Amino acid sequence: MIFPDCRADLALRDGYHSPQVDVAVRLNTNESPYPPPEGWRRDLASAIENVEFNRYPDRAATRLREALAGLHQVRPDQVFVANGSNEVLQSICLAYGGPGRRAAVYEPTYALHSHIAHLSSTEVVQGTRRDDFSVDVDQVADVTAAARPDITFLCSPNNPTGNALPAVSAAEILELSPGLVVLDEAYGDFADWSAISMVDDEVPLVVTRTFSKTWSMAALRLGYLIGPARVVASLERVALPYHLDALKQIAGRLAVAYGDEMRRRVAAIVSERRRLQGALENLDVDVWPSEANFLLFRPKSRKGDEVWHGLVDRGVLVRNTSNWPSLPAGCLRVTVGTGTENDAFLSALEETL
Ligand SMILES: *Cc1c(COP(=O)(O)O)cnc(C)c1O
């Protein structure tokens, strides 16, 4: 049998993977270490009783969008929801990218921005961050003037480095961008400010958020975007009919009522992050400041790869970013876990070093 080939340009691209290893302490994918609130589980269980499973769900996800609009003090027509914020990013690339169009990224940053752009045949224009991982607005101005990107991706706090984009830089970049500016705030709840306050129907800015990190609901696959109503309308054109199932719409809507519990979790993680940062500063590693729920660090006298293996041997999995082309060689990224998990990580690291 002769088999058809898939698109030739896909052969060059590996799918996106974070290798899972069966260990006790998993600190590699930036999820919340806490389960979601008990009350939410109960609400969800009883709401499921009333789902009309024989019917398609509400295509407009009306009640979920109303709840999210209330949470962020915007209008429901300024909210787009999808199956994880990665699907939001994909919808952006489908609607605003595509053949003959360009997306700008500033590395090192979230790998999925360029990956999804490539998948949608959007040309990727790559700028670089400064040595301290801050975005150089002058460089953004140069890249933008030369390439006229249709989409500019920014991430704040930035994955995998942890630093946030200052509000002034966001405003300056918005000012000079000819296309859509996408601020990925997957970790926005951990940071001091959010660009959601800058969203306006007349400003080409969208902010993406997810239930995967702060909300303790990574299994749900729910993400959303806050942006101008006309952008939301364009994204709805590329979404498949009934793309958001009924259970997800209910689960997300019910979650919004647990904002206080979410903020308590965020506060606990931020305080653990500070403790972890302090402890790492006393070990033989460089560690970068972070406003997210993870820390980027680099062993000073050992290879990153060796340290990663040493940690796995001791039952602790962190993200092996040691060979990422845009990061300094030998970096590793650790998600902030529970106090017990962080202690396990610290003692495994100390032994390995
Ligand atoms: C984890 C992450 C996402 C993915 O979110 P999902 O909602 O789980 O798809 C998006 N952006 C960044 C920067 C992330 O780190």
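Only a predicted model underlies this, so the values are computations on that prediction, with no experimental measurement involved.

> Honestly, the domain arrangement of the protein chain in this entry has me stumped. Any pointers?
Accessible area lost during the coming together of the parts is what is often quoted as the interface size. For the protein chain, the assigned domains are domain 1 (8-30 + 260-352) and domain 2 (50-257). Centre-to-centre separation of domain 1 and domain 2, based on C-alpha positions: 25 Å. Counting residues at the interface gives 27 residues for domain 1, matched by 27 residues for domain 2. Of the roughly 2,200 Å² buried at the junction of domain 1 and domain 2 (both faces included), carbon and sulfur atoms supply 65%. Where domain 1 meets domain 2, there are 0 salt bridges. Inspection of the region where domain 1 meets domain 2 yields 4 residue pairs in polar contact (both at pLDDT 80 or more). Taken together, the elements giving at least two residues each to the side of domain 1 that touches domain 2 come down to α1 (8-11), α10 (259-281) and β10 (294-299). No other element matches the 6 residues that α10 contributes to the side of domain 1 that touches domain 2.

> Mind showing me how you'd approach unusual backbone geometry here?
Glycine aside, residues mostly have negative phi, and peptide bonds are mostly found in the trans state. Here the amide bond leading from Glu107 into Pro108 is cis, since omega sits at -5°, within 30 degrees of zero. Topologically, Pro108 is positioned in the loop between β3 (102-107) and α5 (111-119). Geometrically, the link from Asn159 to Pro160 is a cis peptide bond, its omega value of 15° lying close to zero. Checked against the element boundaries, Pro160 lands in the loop between β5 (151-155) and α7 (167-176). Residues other than glycine seldom take positive phi values, yet Asn30 does so here, at roughly 60°. By secondary structure assignment, the location of Asn30 is in the loop between β1 (25-27) and α2 (38-48). For Asn30, a relative accessible area of 1% gives the class buried. Non-glycine residue Ser121 carries a positive phi angle of around 60°.

> What am I meant to see in a nonpolar patch on the surface here?
A cluster of nonpolar side chains, contributed by Ile48, Phe53 and Leu247, occupies part of the molecular surface with about 260 Å² of accessible area. One can find Leu247 in helix α9 (residues 246-256).

> Just checking my understanding: could you explain α10 for this structure?
Every α-helical turn comprises 3.6 residues, leaving residues that sit three or four positions apart pointing alike. Here α10 spans 33 Å end to end across 23 residues, near enough to the 33 Å set by a 1.5 Å rise per residue. Regarding α10, the residues found buried are Gly259, Met262, Arg265, Val266, Ile269, Val270, Glu272, Arg273, Leu276, Gln277 and Leu280. As for α10, its buried residues are in contact with α9, β9 (285-287), β10 and α12 (339-352).

> Any chance you could explain α9 here in plain terms?
Counting buried positions along α9 gives 8 out of 11 residues, so the element sits mostly inside the fold. Taken together, the buried positions of α9 are Lys248, Gln249, Ile250, Ala251, Gly252, Leu254, Ala255 and Val256. At its buried positions, α9 is contacted by α2, α3 (62-72) and α10.

> Honestly, the site of the ligand in this entry has me stumped. Any pointers?
Around the ligand, 13 residues are found, and the nearest of them are Ser85, Tyr187, Thr210, Ser212 and Lys213. Contact distances for the ligand include 2.8 Å between an oxygen atom and a side-chain N or O atom of Asn159. Residue Asp184 places a side-chain N or O atom 2.7 Å away from a nitrogen atom belonging to the ligand. In the complex, 94% of the free accessible area of the ligand, which totals 390 Å², lies under the protein chains. Residue composition of the shell around the ligand, by class: 4 nonpolar, 6 polar and 3 charged.

> What's the story with the nonpolar core in this structure? I'm lost.
For soluble globular proteins, nonpolar side chains are generally found buried alongside one another. Formed by 79 residues in total, the largest nonpolar core has its most connected members in Phe211, Leu280, Phe297 and Phe345. Broken down by element, this core gets its largest block of residues, 6 residues, from α10. Residue contributions to this core reach at least three from each of two domains, namely domain 1 (8-30 + 260-352) and domain 2 (50-257). If sequence neighbours within four positions are ignored, Phe345 has contacts with Leu27, Leu276, Leu280, Phe297, Leu311, Val316, Val318 and Val334. Membership of the second largest hydrophobic core comes to 25 residues, among which are Val88, Ala103, Leu112 and Leu180.

> I would appreciate a short explanation of the pairing of strand β11 (residues 316-320) in the present structure.
In summary, the side chains of a regular strand alternate between the two faces of the sheet. Across the 5 residues that make up β11, a large majority, 4, are buried. Pairing of β11 with strand β12 (residues 332-335) involves 2 bridges; the strand directions are antiparallel. Bridge pairing links Arg319 to Arg333 in β12.

> Sorry, what's going on with the packing of α10 against α12 here?
Packed helices, taken two at a time, are described by the angle between their axes plus the distance between the axes. Packing of α10 against α12 brings their axes to within 11 Å, and their N-to-C directions diverge by 10°. Considering their axes alone, α10 and α12 lie roughly parallel with respect to each other. Of α12, the residues touching α10 (which contributes Glu272, Arg275, Leu276, Ala279 and Leu280) are Gly339, Asn342, Asp343, Phe345, Leu346 and Leu349. Its residues assigned to classes, the contact of α10 with α12 comprises 6 nonpolar, 2 polar and 3 charged.

Cut-off values and rules
- Residues numbered from 1 in each chain as written.
- Predicted model: local features only at pLDDT ≥ 70, side-chain atom pairs only at ≥ 80, totals over all residues.
- Heavy atoms only, no water.
- Domains from an automatic or database assignment.
- Contact = heavy atoms within 4.5 Å.
- Buried area = accessible area lost by both parts, 1.4 Å probe.
- Salt bridge = Lys/Arg side-chain N within 4 Å of Asp/Glu carboxyl O.
- Polar contact = N/O pair within 3.5 Å; in protein donor to acceptor, adjacent residues only side chain to side chain.
- Helix = DSSP H or I, 4+ residues; strand = E, 2+ residues; numbered from the N terminus.
- Buried < 20%, exposed > 50% of the residue type's maximum accessible area, 1.4 Å probe, protein only.
- Patch = residues over 30% accessible without salt bridge, like charges linked within 9 Å, V, L, I, M, F, W, Y side chains within 5 Å.
- Areas by Shrake-Rupley, 256 points an atom, 1.4 Å probe, with all protein chains shown as cover.
- Expected span 1.5 Å × (residues − 1).
- Near = heavy atom within 4 Å.
- Nonpolar A, V, L, I, M, F, W, Y, C, P; charged D, E, K, R; others polar.
- Core = buried A, V, L, I, M, F, W, Y, C linked by side-chain atoms within 4.5 Å.
- Pairing = 2+ DSSP bridges.
- Axes fitted to C-alpha atoms, helices over the stretch in contact; angles between N-to-C directions.
- Parallel < 35°, antiparallel > 145°, perpendicular 65-115°, else oblique.

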